[in-house]
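Structure at a glance
Next come the chains, spelled out residue by residue.
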Amino acid sequence: EAEVAQSPRYKITEKSQAVAFWCDPISGHATLYWYRQILGQGPELLVQFQDESVVDDSQLPKDRFSAERLKGVDSTLKIQPAELGDSAMYLCASSFGVGQPQHFGDGTRLSIL
Amino acid sequence: AQSVTQLDSQVPVFEEAPVELRCNYSSSVSVYLFWYVQYPNQGLQLLLKYLSGSTLVKGINGFEAEFNKSQTSFHLRKPSVHISDTAEYFCAVITVGGATNKLIFGTGTLLAVQP
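As a starting point, this report considers the structure included with it. (Residues numbered from 1 in each chain as written. Chains lettered and ligands numbered in written order. Predicted model: local features only at pLDDT ≥ 70, side-chain atom pairs only at ≥ 80, totals over all residues. Heavy atoms only, no water.)

What chain A contains, in helices and strands, is zero helices and 11 strands. Along its sequence from the N terminus, chain A presents helices and strands in the succession β-β-β-β-β-β-β-β-β-β-β. Against the 2.2 N^0.38 benchmark of 13 Å for 113 residues, chain A shows a C-alpha radius of gyration of 13 Å, consistent with a compact globule. Along the longest, intermediate and shortest principal axes, the C-alpha atoms of chain A span 35 × 30 × 25 Å. Counting only contacts in chain A whose residues sit at least 6 apart along the sequence, the fraction spanning at least 24 positions is 53%. Taken as a whole, chain A presents about 5500 Å² of accessible surface, with 48% of it coming from carbon and sulfur. One finds the centroid of the 10 positive side-chain charges in chain A at a distance of 6 Å from the centroid of its 15 negative side-chain charges. (Helix = DSSP H or I, 4+ residues; strand = E, 2+ residues; numbered from the N terminus. Rg over C-alpha atoms; globule rule 2.2 N^0.38 Å. Contact = heavy atoms within 4.5 Å. Areas by Shrake-Rupley, 256 points an atom, 1.4 Å probe, with all protein chains shown as cover. Lys, Arg positive; Asp, Glu negative; His and termini not counted. Charge placed at Lys NZ, Arg CZ, Asp CG, Glu CD.)

Here it is, written out as structure tokens:
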């Protein structure tokens, strides 16, 4: 069982609605990542946090996506409004720091109708 | 910019046969290399990693990989596969000394083990 906790495991919603995902990293891991994995492809980084600060959000569609890690522990990724193309697996990962192996949660499977 | 190529989208193999999953990367700087496995509807699990030192790396579940700098390859091998090895396998790289820890993934190889 993954040590990085994510919820919900599955989410089905209609386009134009808001959706949020939650991630609780491994205790003590300062670095947290959100990846998006489209079916049949490898994951792609959306945003990386070092403690509560964003290190890299260059691939985050900022017009509709937002991410926060207010206390440097758990994190929330939000989409508003959702579009059909957002259907994917959203994976959270954490590591002790830069260069250290990343540990992944089981992901949230998002389906937009 | 870094990129990872996994040439085989699917590799069918019979149980107890050996298997090799190919991975090539492109980078102008040094990289760390990783193999992850993903079972259906689950996250990614680290199989093995190459950071430095011996180019032959052993991982979990009997897998190993060899780093070849001249050929920019990091192929994954297992001498005898089991039905339970059926999964998607991803090769990934991270830039050494980079400001971020962004993993660049290949498109994955589905290992389909048949009885």
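Among the nonpolar cores identified, the biggest contains 27 residues, and Trp-35, Leu-48, Leu-76 and Tyr-89 of chain B are the most heavily contacted of them. Those elements giving two or more residues to this core turn out to be strand E2 (10–14), strand E3 (19–21), strand E5 (31–38), strand E6 (44–50), strand E8 (64–68), strand E9 (73–78), strand E10 (87–95) and strand E12 (109–114) of chain B. Setting aside its immediate chain neighbours within four residues, Leu-48 of chain B contacts Leu-33, Phe-34, Trp-35, Val-57, Lys-58, Gly-59, Phe-63, Glu-64, Ala-65, Phe-74 and Leu-76 of chain B. Core analysis: the second largest hydrophobic core is formed by 20 residues, Val-19, Phe-49, Ile-79 and Leu-110 of chain A among them. (Core = buried A, V, L, I, M, F, W, Y, C linked by side-chain atoms within 4.5 Å. Buried < 20%, exposed > 50% of the residue type's maximum accessible area, 1.4 Å probe, protein only.)

Further remarks concern the interface of chain A and chain B. Quoted interface sizes are often the accessible area lost when the parts come together. Taken together, the contact pairs 27 residues of chain A with 21 residues of chain B. Both faces considered, chain A and chain B share a buried interface measuring about 1700 Å² in area, 55% of it formed by carbon and sulfur atoms. For Asp-56 of chain A, the salt bridge goes to Lys-102 of chain B, with nearest N and O atoms at 3.9 Å. Between the two partners, chain A and chain B, sit three residue pairs in polar contact (both at pLDDT 80 or more). When contributions to the side of chain A that touches chain B are tallied by element, the ones reaching two or more residues are strand E4 (31–37), strand E5 (44–50), strand E6 (53–56) and strand E9 (88–95) of chain A. Tallied by class, residues from the side of chain A that touches chain B come to 11 nonpolar, 12 polar and four charged. (Buried area = accessible area lost by both parts, 1.4 Å probe. Salt bridge = Lys/Arg side-chain N within 4 Å of Asp/Glu carboxyl O. Polar contact = N/O pair within 3.5 Å; in protein donor to acceptor, adjacent residues only side chain to side chain. Nonpolar A, V, L, I, M, F, W, Y, C, P; charged D, E, K, R; others polar.)

What follows covers the packing of aromatic side chains. Evaluated as defined, the whole model comprises 12 aromatic pairs over all chains. Plain terms: the ring middles of Phe-104 of chain A and Phe-105 of chain B are 6.3 Å apart, the flat faces sit at 70° to each other, and that makes the pair edge-to-face. Of this pair, Phe-104 of chain A sits in strand E10 (residues 103–104) while Phe-105 of chain B sits in strand E11 (residues 104–105), each in a different chain. Considered together, Phe-104 of chain A and Phe-105 of chain B belong to a single accessibility category, that of buried residues. Pairing Tyr-36 of chain B with Phe-105 of chain B gives two aromatic rings, centres 6.0 Å apart and planes at 55°, and the pair type is tilted. Linking Tyr-36 of chain B in strand E5 with Phe-105 of chain B in strand E11, this pair joins segments that are 69 residues apart in sequence. Judged by its relative accessible area of 11%, Phe-105 of chain B is buried. An aromatic cluster is built from Tyr-33, Tyr-35 and Phe-104 of chain A together with Phe-34, Tyr-36, Phe-90 and Phe-105 of chain B, whose rings are joined through pairwise contacts. (Phe/Tyr/Trp six-rings, centres within 6.5 Å; stacked < 30°, edge-to-face > 60°.)

All names here are of chain A. The four strands lie next to each other as E1-E3-E8-E7, forming an open sheet whose pairing is antiparallel. Each end of this open sheet is capped by a strand with a single partner; those strands are strand E1 (5–7) and strand E7 (65–68). When the angles between neighbouring strand axes are averaged without regard to direction, this sheet yields 15°. The pairing of E1 with strand E3 (residues 19–24) spans three bridges and is antiparallel. (Pairing = 2+ DSSP bridges. Axes fitted to C-alpha atoms, helices over the stretch in contact; angles between N-to-C directions.)

On to the environment of Ser-16 of chain A. Residues and elements named next belong to chain A. One can find Ser-16 in the loop between strand E2 (10–13) and E3. Considering only alpha carbons, one finds Ser-16 and Leu-46, 30 residues apart in sequence, at a separation of 20 Å. If near-sequence neighbours (up to four positions away) are discounted, Ser-16 is found in contact with Pro-81 and Ala-82.

Everything listed is a geometric property; what it means functionally is a separate question.
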